[in-house]
Amino acid sequence: MSLDGTYDDGNIFAKILRGEAPAVRVFEDSHVLGFMDVFPQSKGHCLVIPKHSTARNFLEEAPEVIGPLMLGVQRIARATRAALNPDGLMITTFNGAASGQTVYHLHVHIIPRWEGVPLGRHGGGMADMEDLKALAELIAAKIS
Ligand code: 5GP
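What you see is a predicted model; the values in this text were computed from it and never measured.

Overview of the site of the ligand
Taken together, 16 residues sit near the ligand, with D37, T102, H107, H109 and H122 positioned nearest. In this structure, a nitrogen atom belonging to the ligand sits 2.9 Å away from a main-chain N or O atom of M36. H107 has a polar side-chain atom sitting 2.9 Å from an oxygen atom of the ligand. In isolation the ligand exposes 520 Å². Once the protein is present, 90% of that is buried. Every element with two or more residues in the shell around the ligand is listed here: α1 (12–17) and β2 (32–36). In terms of residue class, the shell around the ligand is built from 9 nonpolar, 6 polar and 1 charged.

What follows is the structure in structure tokens.
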């Protein structure tokens, strides 16, 4: 799959939204869900997805969904900074397989970074669930 294609509601993020697959949730409102990436590229790597969407990527998304989505991203990014004190944060979307996209429901990565700590591999090792839950609680506690 690449930039063009049909939305498949069997994708893992659609299943998480329907409650058919587990996720370590950080924050949600009526527009977005934020949850921990299970193959994190850094400590605190979180994903934010629109709840009411069949956009496979950022380019396809309806303009009225982008605003609330990015507000949710900013809210979680600010909470991540407050909770984990990173030196920087990557906020990114991959669009199309050639860019590295692997899940075809629009999502925004929030990846905290620390000086001297290399970025983990995209799609690397699976995190320990208890570690993810602890991080999610720290971030959630700083949501304002
Ligand atoms: P993409 O490669 O499409 O930009 O990002 C998909 C992200 O989803 C990857 O960072 C990957 O680690 C993450 N991911 C894949 N499967 C799951 C899953 O079942 N649960 C969670 N929480 N994250 C997933």
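Some details on the pairing of strand β3 (residues 46–50)
For β3, the buried fraction is high: 5 of the 5 residues fall into the buried class. Summarising the sheet, β2 and β3 pair through 5 bridges and their orientation is antiparallel. Directly across from L33, in β3, lies its bridge partner I49. By the bridge criterion, 3 bridges tie β3 to strand β5 (residues 108–113) in an arrangement that is antiparallel. Bridge pairing in β5 links L47 to H109.

Details of the pattern of salt bridges
One pass over the full model with this rule turns up 5 salt bridges. With a closest N to O distance of 2.9 Å, R18 and E20 form a salt bridge. For E28, the salt bridge identified is with R25, shortest N-O distance 3.0 Å. Residues joined in a network through salt bridges with shared partners are R25, E28 and K51.

So, the nonpolar core
One finds V26, M36, V48, L69, I76, I110 and I139 to be the most contacted residues of the largest nonpolar core, which totals 21 residues. Of all elements in the fold, only β1 (25–28), β2, β3, α2 (63–84), β5 and α3 (129–140) reach the threshold of two or more residues within this core. With 6 residues, the single largest contributor to this core is α2. Residues within four places of V26 in sequence aside, it is in contact with G34, F35, M36, C46, I76, A136, I139 and A140. Counting residues in each nonpolar core, the second largest holds 8 residues, with F13, L33, F35 and L47 among its members.

Conventions used here
Residues numbered from 1 in each chain as written. Predicted model: local features only at pLDDT ≥ 70, side-chain atom pairs only at ≥ 80, totals over all residues. Heavy atoms only, no water. Near = heavy atom within 4 Å. Polar contact = N/O pair within 3.5 Å; in protein donor to acceptor, adjacent residues only side chain to side chain. Areas by Shrake-Rupley, 256 points an atom, 1.4 Å probe, with all protein chains shown as cover. Helix = DSSP H or I, 4+ residues; strand = E, 2+ residues; numbered from the N terminus. Nonpolar A, V, L, I, M, F, W, Y, C, P; charged D, E, K, R; others polar. Buried < 20%, exposed > 50% of the residue type's maximum accessible area, 1.4 Å probe, protein only. Pairing = 2+ DSSP bridges. Salt bridge = Lys/Arg side-chain N within 4 Å of Asp/Glu carboxyl O. Core = buried A, V, L, I, M, F, W, Y, C linked by side-chain atoms within 4.5 Å. Contact = heavy atoms within 4.5 Å.

Keep in mind that these numbers describe shape and distance, not what the molecule does.
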